[in-house]
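Topology and contacts: notes
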Amino acid sequence: MTDDLGILINRLSEAKNVVALTGAGVSAESGIKTFRDPDGLWSKFNPMELASVEGFMKNSDLVWSWYRHRVDVINNSQPNAGHYALAEIQKLNKFEFTLITQNVDGLHQKSGSYDVVELHGSIIRNKCFDCNEEFIDEIDSNDVNLQRCGYCSGKIRPDVVWFGEMLPRNAILKAENAAINSDVFFSIGTSAEVFPAADLPIISKNRGSLVVEINPNRTRISDLVDIYLPYTSAEILPIILNELKGIN
Ligand code: OAD
């Protein structure tokens, strides 16, 4: 075990509250593209065109069909060893564990994690752009046509947070509260470029939490964290899980 891993396991053995904030990198090993890596979605697509209210108002068909394609990719992917390790860590019940994700793909839940705080919503859920009512109709996986609300005939959109939109209030309150009270805070597979999620590791650090970053590439918070682990999430999380299982 490296020194860093030893320190981490020691702190986890004494921790009461542990938080993990995840980003797109956690799903990379499931075959889902990240946003800001060199081959990421935002290297090919314009986020203002595809992930903003203005973009949807301008070309709803294009935005909707892009999300249908992403849903198709997600429906055909499986959680990886990183997702499963996080679910197992939660089930060990060694501490209160809060899993906060910026991911909209539902893979944490699919791997068995529960009470996941979804900061950026879910691509699997849809809602009406006009009246906000949830849209629960089954949509055929090949159907990329824009759907209409059964209540007000408004356009249906994915229940994700777009640029310029507020995060779901309950989710951000829960996340901030967990960050404030954490003894160990993991930032995993996120570039920490998007706020307010990117504030959470800093909030934890200021409250004395041990902040650990897991990411094969350095990010804007790598110099601020207590421990930087330069591995992929599917490589290192199962190792952390195994070490935790060895603690009484
Ligand atoms: P980014 O694409 O910005 O960052 C992904 C991070 O994952 C990068 O720092 C990579 O180095 C890292 N990474 C890649 N593969 C990895 C692996 N196997 N294991 C661990 N880390 C790996 O994605 P996010 O930080 O999640 O917003 O982006 C935040 C938000 O920006 C997203 O939620 C999305 C996007 O616009 C919305 O959709 C609202």
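For the structure itself, look to the data block above.
Just so it is clear, the model here is predicted, and its values are computed rather than measured. (Residues numbered from 1 in each chain as written. Predicted model: local features only at pLDDT ≥ 70, side-chain atom pairs only at ≥ 80, totals over all residues. Heavy atoms only, no water.)

1. A short note on the pattern of salt bridges
Overall, the coordinates contain seven salt bridges when judged by the stated rule. Salt-bridge contacts for Arg125 lead to Asp159; the nearest nitrogen and oxygen are separated by 3.2 Å. One end of the pair, Arg125, is in strand 4 (residues 121-128); the other, Asp159, is in strand 6 (residues 156-160), and 34 residues separate them in sequence. Here Lys127 makes a salt bridge to Asp159, at a shortest N to O gap of 3.5 Å. Of this pair, Lys127 sits in strand 4 while Asp159 sits in strand 6, and the two are 32 residues apart along the sequence. Classification of Lys127 as buried rests on a relative accessible area of 17%. (Salt bridge = Lys/Arg side-chain N within 4 Å of Asp/Glu carboxyl O. Helix = DSSP H or I, 4+ residues; strand = E, 2+ residues; numbered from the N terminus. Buried < 20%, exposed > 50% of the residue type's maximum accessible area, 1.4 Å probe, protein only.)

2. Overview of helix 9 (residues 169-180)
Owing to its 3.6 residues per turn, the α-helix brings residues three or four apart onto one side. With twelve residues, helix 9 extends 17 Å between its outermost C-alpha atoms, agreeing within 8% with the 16 Å of an ideal straight helix rising 1.5 Å per residue. Three or more residues of helix 9 are buried, namely Ala171, Ile172, Ala175, Ala178 and Ala179. With its buried residues spanning 130 degrees around the axis, helix 9 presents them on a single face. Pointing more than 90 degrees away from the buried face of helix 9 are the exposed residues Arg169, Asn170 and Lys174. Tucked inside the fold, the buried residues of helix 9 contact strand 1 (17-22), strand 2 (96-101), strand 3 (117-118), strand 7 (184-188) and helix 10 (200-206). (Expected span 1.5 Å × (residues − 1). Arc of directions from axis to C-beta. Contact = heavy atoms within 4.5 Å.)

3. Considerations on the state of the cysteines
What the rule picks out here adds up to zero disulfides. Cys131 takes part in no disulfide bond, and the closest cysteine sulfur, belonging to Cys152, lies 3.8 Å away. You can call Cys131 partly exposed: its relative accessible area is 34%. Here Cys152 is not cross-linked by a disulfide; its sulfur's nearest cysteine counterpart is in Cys128, at 3.5 Å. (Disulfide = S-S within 2.5 Å.)

4. Here's the deal with helix 1 (residues 3-14)
Here helix 1 spans 17 Å end to end across twelve residues, near enough to the 16 Å set by a 1.5 Å rise per residue. Turning to helix 1, its buried residues number three or more, namely Leu5, Leu8, Ile9 and Leu12. Buried residues along helix 1 cover an arc of 95 degrees about the axis, so they all sit on one side. Those residues of helix 1 that are exposed and angled more than 90 degrees off the buried face are Asp3 and Glu14.

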